[in-house]
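# Geometric and topological summary
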Amino acid sequence: MRFLFLGDMVGRSGRTAVWEKLPELISDYSFDFVVVNGENAAGGFGITEEIFLKTIDAGADVVTTGNHVWDQREALSFCERQDRFIRPANFPDGTPGKGSGVYMARNGARVLVTNIMGRIFMHPDLDDPFMTAERELAACPLGEQADAVIIDFHAEATSEKQCFGHFVDGRASLVVGTHTHIPTADHQVLDGGTAYISDAGMCGDYDSSLGMDKEEPINRFVTKIPKGRFEAATGPAMICGVAVLISDRTGLAESIQPLRIGPRLEEALPVF
């Protein structure tokens, strides 16, 4: 199974680049399943139903999110009717939407996708992400109810991300870190067969501060006095993510490769 994950879409620049390039990527590399993190797609803060639907139309099978999931208030309602929209699974009981789902890939495989949020430097009041993973994996084990398991771990601390990857090693096909918007160089297949990367990077303008126009963030660091709102940068976007080759027999990863297309960062394309 050939799987593609694209990191956080940021603003118009990032989402437009994904919409334009994703159909070609699916065709050129025969990806069986695609997940895109969309939590920053609407001006850098949240996602609208229209953006969600256009991302699905472009070829994404599932859209995951994170701490900005409710920044656009309409997400609180459309999450209930859009089965392919995932919010973090460790939100409190009663939160609208769903934190995981099982979907059919183009090759007929059953894919469990779950979105879990870290707590270090983020939201310590959330349910334990490790125990949330235990619950989700017990409900739909790899090799039984699922042919592949994809976990978007939306977290700040690399230590928490790495420990989480080792915690589920051998029970998930891929643990991919999101939220920090900078692609890391630690893509690897762990000892138990789980593909891992601390952060897939963002789909957005890298002439920026994490996808935001850089002037206001710099101003706040220098003067500590806000002059205006953060605005998504509008320059040419780079698409960042990972491509993973997953065994049809075991559901575990055989390889993980970075994908980076666009200006500024060194480009990288998967070689299967």
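Structure shown above.
Analysis parameters
- Residues numbered from 1 in each chain as written.
- Predicted model: local features only at pLDDT ≥ 70, side-chain atom pairs only at ≥ 80, totals over all residues.
- Heavy atoms only, no water.
- Buried < 20%, exposed > 50% of the residue type's maximum accessible area, 1.4 Å probe, protein only.
- Helix = DSSP H or I, 4+ residues; strand = E, 2+ residues; numbered from the N terminus.
- Pairing = 2+ DSSP bridges.
- Contact = heavy atoms within 4.5 Å.
- Patch = residues over 30% accessible without salt bridge, like charges linked within 9 Å, V, L, I, M, F, W, Y side chains within 5 Å.
- Areas by Shrake-Rupley, 256 points an atom, 1.4 Å probe, with all protein chains shown as cover.
- Salt bridge = Lys/Arg side-chain N within 4 Å of Asp/Glu carboxyl O.
- 1 Å grid on protein atoms, 1.4 Å probe; cavity = no way out; pocket = protein on both sides within 12 Å on 5 of 7 lines; lining within 4 Å.
- Points joined across faces, edges and corners; volume = space filled by probe spheres on them.
- Nonpolar A, V, L, I, M, F, W, Y, C, P; charged D, E, K, R; others polar.
- Axes fitted to C-alpha atoms, helices over the stretch in contact; angles between N-to-C directions.

Within strand β10 (residues 239–246), seven of the eight residues are buried, leaving the element largely enclosed by the surrounding structure. The sheet contact formed by strand β1 (residues 2–6) and β10 spans five bridges and is antiparallel. Across the sheet, the residue bridging to L6 is G241, located in β10. Between β10 and strand β11 (residues 253–261), which pair antiparallel one after the other, the connecting turn spans six residues, and G251 there sits at a positive phi close to 80 degrees.

Turning next to the environment of F230. Position of F230 among the secondary structure elements: in the loop between α6 (215–223) and β10. The spatial distance from the C-alpha of F230 to the C-alpha of F3 is 33 Å, given a sequence separation of 227 residues. Apart from the residues within four sequence positions on either side, F230 is in contact with F45, M212, E216, P217 and R220.

Here we take up a nonpolar patch on the surface. On the surface, a cluster of nonpolar side chains totalling about 350 Å² of accessible area is made up of I218, F221 and V222. When you line up the elements, I218 lands in helix α6.

Take the pairing of β11 next. For β11, the buried fraction is high: eight of the nine residues fall into the buried class. One ladder, built from eight bridges, connects β10 with β11; its direction is antiparallel. Following the sheet pairing, A243 is matched in β11 by Q257.

Estimated volume of the largest pocket: approximately 260 Å³. As for the largest pocket, its lining consists of 13 residues, of which H68, H181, S209, L210 and M212 are closest to the centre. When grouped by side-chain class, the residues that make up the lining of the largest pocket number five nonpolar, seven polar and one charged.

The strand order across the open sheet formed by five strands is β3-β2-β1-β10-β11, and the pairing between neighbours is mixed. Of all the strands in the sheet, the pair left with one neighbour each is β3 (62–64) and β11. Between one strand axis and the next, the sheet turns by 20 degrees as a mean value, whatever way the strands run. Sheet strands in contact with helix α1 (residues 11–29) are β1, β2 (33–37), β10 and β11, and its direction is about 165 degrees off that of β1.

For the rest of this paragraph, the subject is the sheet that holds strand β8 (residues 188–189). Taken in spatial order, the six strands of this open sheet run β4-β5-β6-β7-β9-β8, and their pairing is mixed. Only two strands of the sheet have a single partner each, and these edge strands are β4 (100–104) and β8. Note: β8 against strand β9 (residues 195–197), two bridges, orientation antiparallel. Following the sheet pairing, V189 is matched in β9 by A195.

This part takes up the pattern of salt bridges. Applying the stated rule across the entire model yields twelve salt bridges. One salt bridge connects D207 with K214, and the closest N-O pair in it is separated by 2.9 Å. Given a relative accessible area of 31%, D207 falls into the partly exposed group. The salt bridge involving R264 is made with D207; its shortest N-O contact spans 3.3 Å. In this pair, R264 is assigned in the segment after β11 and D207 in the loop between β9 and α6, connecting sequence segments 57 residues apart. A relative accessible area of 60% means that R264 is categorised as exposed. Via salt bridges that share partners, D207, K214 and R264 belong to a single interconnected network.

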